There are 2 protein chains.
Amino acid sequence: MALIVHKYGGTSMGSTERIRLVAKRVAKWARAGHQMVVVPSAMSGETNRLLGLAKELAPAKPGDAYQRELDMLASTGEQVSVALLAIALQGEGMESVSYAGWQVPILTNSAHTKARIESIDDQKVRVDLAAGKVVIVTGFQGVDEAGNITTLGRGGSDTSAVAVAAAMKASECLIYTDVDGIYTTDPRVVPEARRLQTVGFEEMLEMASMGSKVLQIRSVEFAGKYKVPLRVLSSFTPWDIDIEIEAKSGTLITFEEDENMEQAIVSGIAFNRDEAKVSVLGVPDTPGIAYQILGAVADANIEVDVIIQNVSKDGKTDFSFTVHRNDYARTVDLLKEKVLPGLGATEITGDAKICKVSIVGIGMRSHVGVASKMFRCLSEEGINIQMISTSEIKTSVVIDEKYMELAVRALHKAFELDQPAA
Amino acid sequence: MALIVHKYGGTSMGSTERIRLVAKRVAKWARAGHQMVVVPSAMSGETNRLLGLAKELAPAKPGDAYQRELDMLASTGEQVSVALLAIALQGEGMESVSYAGWQVPILTNSAHTKARIESIDDQKVRVDLAAGKVVIVTGFQGVDEAGNITTLGRGGSDTSAVAVAAAMKASECLIYTDVDGIYTTDPRVVPEARRLQTVGFEEMLEMASMGSKVLQIRSVEFAGKYKVPLRVLSSFTPWDIDIEIEAKSGTLITFEEDENMEQAIVSGIAFNRDEAKVSVLGVPDTPGIAYQILGAVADANIEVDVIIQNVSKDGKTDFSFTVHRNDYARTVDLLKEKVLPGLGATEITGDAKICKVSIVGIGMRSHVGVASKMFRCLSEEGINIQMISTSEIKTSVVIDEKYMELAVRALHKAFELDQPAA
């Protein structure tokens, strides 16, 4: 018997038929002797429907008063879900009780529409669990000290589930999604992509930030901070699948580095074609240049990803960085108008048709030669590398967009990711 | 400048277009210098939609656990409304803030789905009003001492509005509805029916209980208890109607009996064809008989309205009462099976094709001959009276259903209700 947290997404809660299946699955876990806490999202489409009504009434405005009302509004989606799931469980003969975030309470700061969880009181939930009830808690929302409803932002239900699991010291937090785990890379690009049975927390962060989109990145950070064992698994298995099999399915995200588990050098290949490259050429190599360039970009609220500055030649250097493709034109205009004149740089160039490909793996830390193996592989395929960026567990290259699939497939094979881990 | 409470029904909140019109009307009142508290219902159809989802998942069950979840579920309808109205007001340039019942808080007992308000804390609302904000409070719901969301039952938003008005000592509580006031009788039956400018609180209670359905009866009782001036008026007037005209429109429900206002002897004719008559004939006239008959009926949760027992003859009497037409067959069966055998009565008879017609008026208290005028009028029309029941401000008769319209029209004319009050 263990304390288990289940999290179900909007698709799983999308209709009364699907809610009934969730209830049957949860009831199975409870009947197997587990103490169950469930965090469901709003029914799919509901949050958008509600925010759409708000937009019809007044265009989105900054300012707390408006954002506060958006939270009042959007939080009802999850409240409907918890009540319906509690009712469905009662229909299955299970005792159950639902709580909105403010009832637990899940305390957050007051940053409406993007609040952060500060503390969770587990008292009520423990009493209910001890009484044999399944407890259902709204995802996505909490309450601030003044008693205002807050929401955590899109995908916040993952974070809620992990936070509740952390507060309850749950044995495991199971995130049911529409994929059956974390893969070595996107199976749509590489059919040989393999599901990982386990993936390290930091690797998962790198994968998530590269748009694998399975888990909200904040929830992974949260899980890492509190060492919550987190499992991503499919909500499409039959509800009555053997619980022993289900409990081992999907991908477990681990936080214990020196566990003696199989640890591949490279765990996966991530890629992203949402970026564009901008270069400022012939910049005088004097202190403060990076700030002059990137400060102006940051002031315009443009996020920068990879940044490269090469060694200078003849007192001049080239400065390159990547931004989201949607911000490309704005960035180039900004630099030409505001930065170039005062900088003494030669030229602004750029390319929106690039992509970033990364190899990710905890094992890289202790293995030299991983990056060079990547570069050799790409070279053998005749792919020119435009930019390189490395971290302890990731090596990323920026290449021409048209080579993306080729690069991902070649790297997947070169690092033997299509082979089961030894 | 006064503190005013507005209440808008589900139709008024039925779409973003209509919500915008409500916002414009409220903004007009606020700009005229009034402190405004608004209590809107859920968007029309929303409560039924939500409860329909619950029914799909588990058939309605007694028991607190299920009822508690229904309240979690249904209360979201009003929360959506308050947030949208707050946003619409901000769109009109008015500062506004919304509160769910638990945030005010509106404390109720724990009788889920039919809770009663116990107290309202006006602190937060007063602070916001003093800061120039329009305050929007959910109708229909509150919170119990343990922090569970409760609802007041259908039509509860009227009661919420009156309760908030009472707690805030509002100058007036304006209930915007789809009719433009209280009429001397149903205009669909008597085209000459006149809108009353004022109606006494007790008269209104008698009218409401007869199914005039304009106001939830509990809200009128509440208004009476706390002497909240209550006005029923149309939500279909243009939002920019002159505020002086709007403030005097509709029907004002008054609580001051000895105000020197024009006081007709009879204020209105109410009628109801939802009832059926049941008679127990030849009952031995001994103590405890009424209890034997009606106790069994009450135990079966059947509500009884008019009760008549005539003087006995030869130690036997006839005992008659009316029940809702839907309960007619069940009542007759029950009496035949369980009551008749032990009672020594001769026979159970009944008639489902009856109706009740009432004349209602505070003035009846001090005027003799009102009832006899009613009976003469019906006699002149050749209508046989089957049962009679009287109270201080009401005289009701049960007659054959087919004479209902005839009776109502004749009485409306006989009591000169088609003439403007002197």
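No experiment lies behind these values; they were computed from the predicted model shown.

As a further point, take the overall build of chain A. Along the backbone of chain A there are 12 helices and 20 strands. In terms of overall dimensions, chain A is globule-like: its C-alpha atoms have a radius of gyration of 24 Å, near the 22 Å expected for 422 residues. Projected onto its principal axes, the C-alpha coordinates of chain A cover approximately 75 × 55 × 35 Å. Each of the 422 residues in chain A was classed as buried or not, and the buried ones make up 55%. Put simply, of all contacts in chain A between residues at least 6 apart along the chain, 76% involve residues at least 24 apart. Carbon and sulfur atoms form 50% of the exposed surface of chain A, whose accessible area is close to 17,900 Å². Separation of charge centres in chain A, based on 44 positive and 55 negative side chains, amounts to 3 Å.

Looking now at helix 3 (residues 64-91) of chain A. All names here are of chain A. Here helix 3 contains 28 residues, and its C-alpha end-to-end distance of 41 Å stays within 8% of the 40 Å for a straight helix at 1.5 Å per residue. Of all 28 residues in helix 3, 25 are buried, a share of seventy percent or more. Within two residues after helix 3, Gly 93 carries a phi angle of roughly 85 degrees, on the positive side.

With that settled, the discussion passes to helix 4 (residues 123-130) of chain A. Residue and element names in this part refer to chain A. Among the residues of helix 4, those classed as buried are Val 125, Asp 128 and Leu 129. Buried residues in helix 4, looked at end-on, bunch into an arc of 100 degrees, giving them a common side. Exposed and facing more than 90 degrees away from the buried side of helix 4 are Gln 123, Val 127 and Ala 130. Residues of helix 4 that are buried make contact with strand 1 (3-8), strand 2 (35-40), strand 3 (96-99), strand 6 (134-137) and helix 5 (156-168). After helix 4 finishes, the residue Gly 132 shows a positive phi value of roughly 85 degrees.

Right, let's get into the UniProt feature "domain: ACT" (unreviewed entry) in chain A. The UniProt record annotates "domain: ACT" (unreviewed entry) at residues 278-357 and 359-422 of chain A. Secondary structure across residues 278-357 of chain A comprises 34% helix and 39% strand; the distance between its end C-alpha atoms is 17 Å.

The full count for this structure, using the stated rule, is 34 salt bridges over all chains. In this structure, the salt-bridge partner of B:Lys133 is B:Asp128, at a minimum N-O distance of 3.9 Å. On the accessibility criterion, B:Lys133 (25% relative accessible area) is partly exposed. Through salt bridges that share partners, A:Arg25, A:Lys28 and A:Glu246 make up one connected network.

Our next topic: the relation of the copies chain B and chain A. Two chain copies, one operation linking them: a rotation about an axis together with a shift along it. Each copy of the sequence occupies a distinct position, and chain B is placed on chain A by a rotation of 180 degrees and an axial shift of 0.1 Å, giving an RMSD of 0.2 Å. Both copies are brought into coincidence by an operation consistent with a two-fold rotation axis. The rotation axis passes nearest to the C-alpha of B:Thr76 in chain B, at a distance of 2.8 Å. Interface overlap between copies: 98% of the residues of chain B at the interface are likewise at the interface in chain A, consistent with a symmetric, same-surface contact.

Cut-offs and rules
- Residues numbered from 1 in each chain as written.
- Chains lettered and ligands numbered in written order.
- Predicted model: local features only at pLDDT ≥ 70, side-chain atom pairs only at ≥ 80, totals over all residues.
- Heavy atoms only, no water.
- Helix = DSSP H or I, 4+ residues; strand = E, 2+ residues; numbered from the N terminus.
- Rg over C-alpha atoms; globule rule 2.2 N^0.38 Å.
- Buried < 20%, exposed > 50% of the residue type's maximum accessible area, 1.4 Å probe, protein only.
- Contact = heavy atoms within 4.5 Å.
- Areas by Shrake-Rupley, 256 points an atom, 1.4 Å probe, with all protein chains shown as cover.
- Lys, Arg positive; Asp, Glu negative; His and termini not counted.
- Charge placed at Lys NZ, Arg CZ, Asp CG, Glu CD.
- Expected span 1.5 Å × (residues − 1).
- Arc of directions from axis to C-beta.
- UniProt positions renumbered as here; feature names shortened; annotations may be inferred.
- Salt bridge = Lys/Arg side-chain N within 4 Å of Asp/Glu carboxyl O.
- Least-squares fit on C-alpha atoms with pLDDT ≥ 70 in both.

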